[in-house]
Amino acid sequence: MQYDHKKIEKKWAEKWVKDKTFTLDLKKAKNPYYALFMFPYPSAEGLHIGNFYAFTCVDVLAKYKKLKGYDVFEPIGFDAFGIHSENYALQIGETPSKMLERTKANFRQQLVSAGLGCDWTREVDTTTPEYYKWTQWIFTKLFEKGLAFQKEALLHWCPSCKTVLADEQIEGGGCERCGTIPEKKKMKQWFFKITDYSQRLLDGLEKMDWSEITKSAQRNWVGKSEGALVKFQLAKSDFPQQVCEVGLQTIDVFTTRPDTLFGATYFVMSPEHKIISNLKSQISNFEEVKKYIKKTGAKSDMERIENKEKTGVRLEGIWVVNPVNGGKIPVWIADYVLMGYGTGAIMAVPAHDQRDWEFAKKYKLPIIEVLKGGNGPYINSGFLDGLGKEEGINKMIEWLEEKGLGKRTVNYKLRDWCISRQRYWGPPIPVVYCEKCGIVPVKEKDLPVLLPDIEKGWEPTGDGHGPLAGVEEFVNTKCPKCGGDAKRETDVMDNFLDSAWYYYRYLSPHDNERPFDKLRASKWLPVDFYVGGNEHAVLHLMYTRFITMALHDLGLIDFDNPFKKFRANGMILKDGNKMSKSKGNVVRPEEYGERVGYDALKTYLLFLGPLSEDRSFSDDGVIGAKRWVEKIFRLEEKVRESVQDSEEVIKKLHNTIKQVEEDFEEQKYNTAIARLMEMTNILTSVKEFSKDTWEKFLVVVSPLTPALAEEMWSRLGRKESIFDDKNWPEYDPAKITEDNFELVVQVNGKFRGSIVVPKGMNQQEAEEMISKEGKFNKYLADKKSQKVIFVKDKLINFVI
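Everything in this summary refers to the structure shown in the same document. All values reported here derive from a predicted model rather than from experimental measurement.

Reading guide: rules and limits
Residues numbered from 1 in each chain as written. Predicted model: local features only at pLDDT ≥ 70, side-chain atom pairs only at ≥ 80, totals over all residues. Heavy atoms only, no water. Pairing = 2+ DSSP bridges. Helix = DSSP H or I, 4+ residues; strand = E, 2+ residues; numbered from the N terminus. Contact = heavy atoms within 4.5 Å. Buried < 20%, exposed > 50% of the residue type's maximum accessible area, 1.4 Å probe, protein only. Polar contact = N/O pair within 3.5 Å; in protein donor to acceptor, adjacent residues only side chain to side chain. Phe/Tyr/Trp six-rings, centres within 6.5 Å; stacked < 30°, edge-to-face > 60°. Patch = residues over 30% accessible without salt bridge, like charges linked within 9 Å, V, L, I, M, F, W, Y side chains within 5 Å. Areas by Shrake-Rupley, 256 points an atom, 1.4 Å probe, with all protein chains shown as cover. Salt bridge = Lys/Arg side-chain N within 4 Å of Asp/Glu carboxyl O. Lys, Arg positive; Asp, Glu negative; His and termini not counted. Charge placed at Lys NZ, Arg CZ, Asp CG, Glu CD.

## Focus on the pairing of strand β11 (residues 224–235)
In step 1: Judged from the seven bridges that link them, β11 and strand β17 (residues 406–412) form a sheet pairing that is antiparallel. Bridge assignment links K224 to a residue of β17, and that residue is Y412.
In step 2: Where β11 lies against strand β14 (residues 312–321), three bridges are found, and the strand directions are antiparallel. Paired with A235 across the bridge in β14 is W319.

Structure, rendered in structure tokens:
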């Protein structure tokens, strides 16, 4: 009998939704487990294989936990606001709302067909007034707490998307949506004061069970540095160096190495530094300076950082006083100093900084060594001479504080989150401008501020204002405070705010009185298991931590970490490259669902390697997974009502149950599948086996091949779903034999991972298995081993 994957998978996918197999009563649940994947934005292309893989990683664990007796909640929704959807709508000449009606329906169909265990009764959509009312409510609460504020700042402006971007939305120097190199514009915008949480964001990382690659990215982005804030006073230029007349203005510099002040021979400011315009009358070459500032403004921060050729302009007529020796040092502007880091000004110590050295050599500026050999002791450093580095840093800071010339301080690279967007497709910012009352937030009873449904004129203008500025009936309103005439804010909010709190709304999607039920949130949150791409490490994942901390401080929740466990999934590559339409290598899940079945596709993707690693998609591999699914299907022919299983089958079954359970708990899906394939081979090799063994095997394989397992389960005469009860089998420790172990793999003595192999495997067999494991390619591919050290049943070390 042939396995008809199309018929069987369609049958069970539809039945699970109809019977609400994966829907539960959140209030009555006694053993809650919240499994979550990053909800998709319903793009025109539909669900792509990367989404499908991440969703599958969560779904397998969710189904396993359900079989273990947990009340599992696996919700679904759509992140439908934002530039991505709007840009596609612009491309096809259709309004975003009309376009999304079609694309959301397509996504729903894809997700249902894939057989995911989602609770479709609690779907959320960020574009509905019922949702964005509460996004606006969060804004007003942050405004009341002083965490939402407006200021003028030099910002990234994407000329293609025609909107400002947050610092986190610059990737590789370009706009994260379209890749265009942004310009710099000074604009008045709305921000969230995420910088108030810099230290808490860092401290929280230490106790979080998150992927280390994600935590590392967040540490680097927050960018904590300890040092001193040093005051440099401006000096007039018409006095000799030894007799400086100090000006009234001071410029602060943050430095991690105040101990090198004696070696500071010039001073550099970012071309954007606000003090430059104040010094216009004193800068004798101001026209040259102005031209350089304009030229720098056309460069991205990434260009400026990576530019190997140092450029700058001397501010003729301007000096600063070196606070430790009273000497005058020249002031420059240079594009290698960024306004967004520190104070936008540096003291240049060319003897001990590569960038400063290159600049000093080019412009023939003095170079004074103050640390012998680069590490000490100090020389040419007055009261620091002869001291070691750590002692020198502390003594210099104490001296600066004593003289009132500086203070010990901590600096963070993190900048406040710009949430204004000069676009149409997003939740309006809920404030009005009143001549009498100033900036006034909209009252809760008047939320949501509805986004007007306009057919024309919703396209971005590019003039620095949102399209809503042209909708008079929207703009003109009454002040919530005094009742007088007022104007609405016409920018909309960054859609990353929508996605910073969506998993709260899943718990109370139909509640019109509050964003979420506090008691229910206390019961179900933080999320137990979360999976998504690490490209959101300093976007969504940073923002949602900030919003969670803010909600905690508002007394709305009793925790400040949104996700107990987060795992970053790797990318799915095709032909060795990231998938993209331009390369023509995009894999559509439904195409393979049609050809080989979703059970086979899921199994193949999970078998390629550990969850966190990139993996390459190949048609041959998918066909191999399909053969395994069909092999399981054919095992039904060997099942007997009452038969005595062989000792080999019994031992293998109990080993498999134990090992797969352990693998699922650690999301080692590839090794779980390998164990199940071994069990399949054992069952294939025997003439017959018991119904009891078959039932246990079906339950253990069901999280990976749900439709197949459900079909086989129903053929046993079971009326209830295989997922309806606590069906996960218990293994008998007395019947366990450890026939597999984890072989440690080293390269040049360094640990590079491990691989599960049978005990007793020889060196040649081990090398063959390792060569098939993609995760070791970056260490071993195209490299010839001079020697291989093999310790049986323990480790293998490749000496390259």
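## Concerning the side chain of H536
In step 1: With respect to the secondary-structure elements, H536 resides in the loop between β25 (529–533) and α17 (540–553).
In step 2: Excluding residues within four positions of it along the chain, H536 makes contact with M38, F496, L541 and M542.

## With respect to unusual backbone geometry
In step 1: Cis geometry is found at the peptide bond from G376 to P377, where omega equals 5°.
In step 2: Inspection of the secondary structure assignment puts P377 in the loop between α11 (354–363) and α12 (389–403).
In step 3: P448 follows L447 through a cis peptide bond whose omega is 5°.
In step 4: Look at D575: it is not a glycine, yet its phi comes out positive at around 55°.
In step 5: Overall, D575 belongs to the exposed group, its relative accessible area being 59%.

## A short note on the side chain of N569
In step 1: Relative to the helices and strands, N569 resides in strand β26 (residues 565–569).
In step 2: For N569, the side chain forms a polar contact with the main-chain nitrogen of G533, separated by 3.2 Å.
In step 3: Apart from the residues within four sequence positions on either side, N569 is in contact with Y53, A54, V531, G532, G533, L611 and S612.

## Points about the packing of aromatic side chains
In step 1: This structure, assessed with the given rule, holds 53 aromatic pairs.
In step 2: Ring geometry for Y33 versus Y70: centroids 5.6 Å apart, planes at 65°, classification edge-to-face. With Y33 in strand β1 (residues 32–37) and Y70 in the loop between α2 (49–67) and β2 (71–73), this pair connects stretches of sequence that are 37 residues apart.
In step 3: Between the aromatic rings of Y131 and W501, the centroid separation amounts to 4.6 Å while the plane-to-plane angle is 25°, which identifies the pairing as stacked. Placement of Y131 in helix α5 (residues 129–144) and of W501 in the loop between α14 (495–498) and α15 (502–505) is noted, with a sequence separation of 370 residues between them.

## Some thoughts on a positive patch on the surface
In step 1: There is a patch of like positive charges on the surface, built from K750, R752, K778 and K783.
In step 2: Its relative accessible area of 52% is what places K750 among the exposed residues.

## Focus on the pattern of salt bridges
Should their charged atoms come close, side chains of opposite charge can pair.
In step 1: Tallying each qualifying case throughout the model produces 48 salt bridges.
In step 2: With its nearest N and O atoms 2.5 Å apart, the salt bridge here joins D59 to K63. Residue D59 and its partner K63 are located together in helix α2, separated by four residues, close to a single helical turn. We note that D59, like K63, is buried.
In step 3: R675 is the salt-bridge partner of D663, the closest N and O atoms lying 2.6 Å from each other. Taken as a pair, D663 in helix α21 (residues 647–665) and R675 in helix α22 (residues 669–685) lie far apart in primary sequence, 12 residues in all.
In step 4: The exposure class of D663 is buried, given its relative accessible area of 4%.

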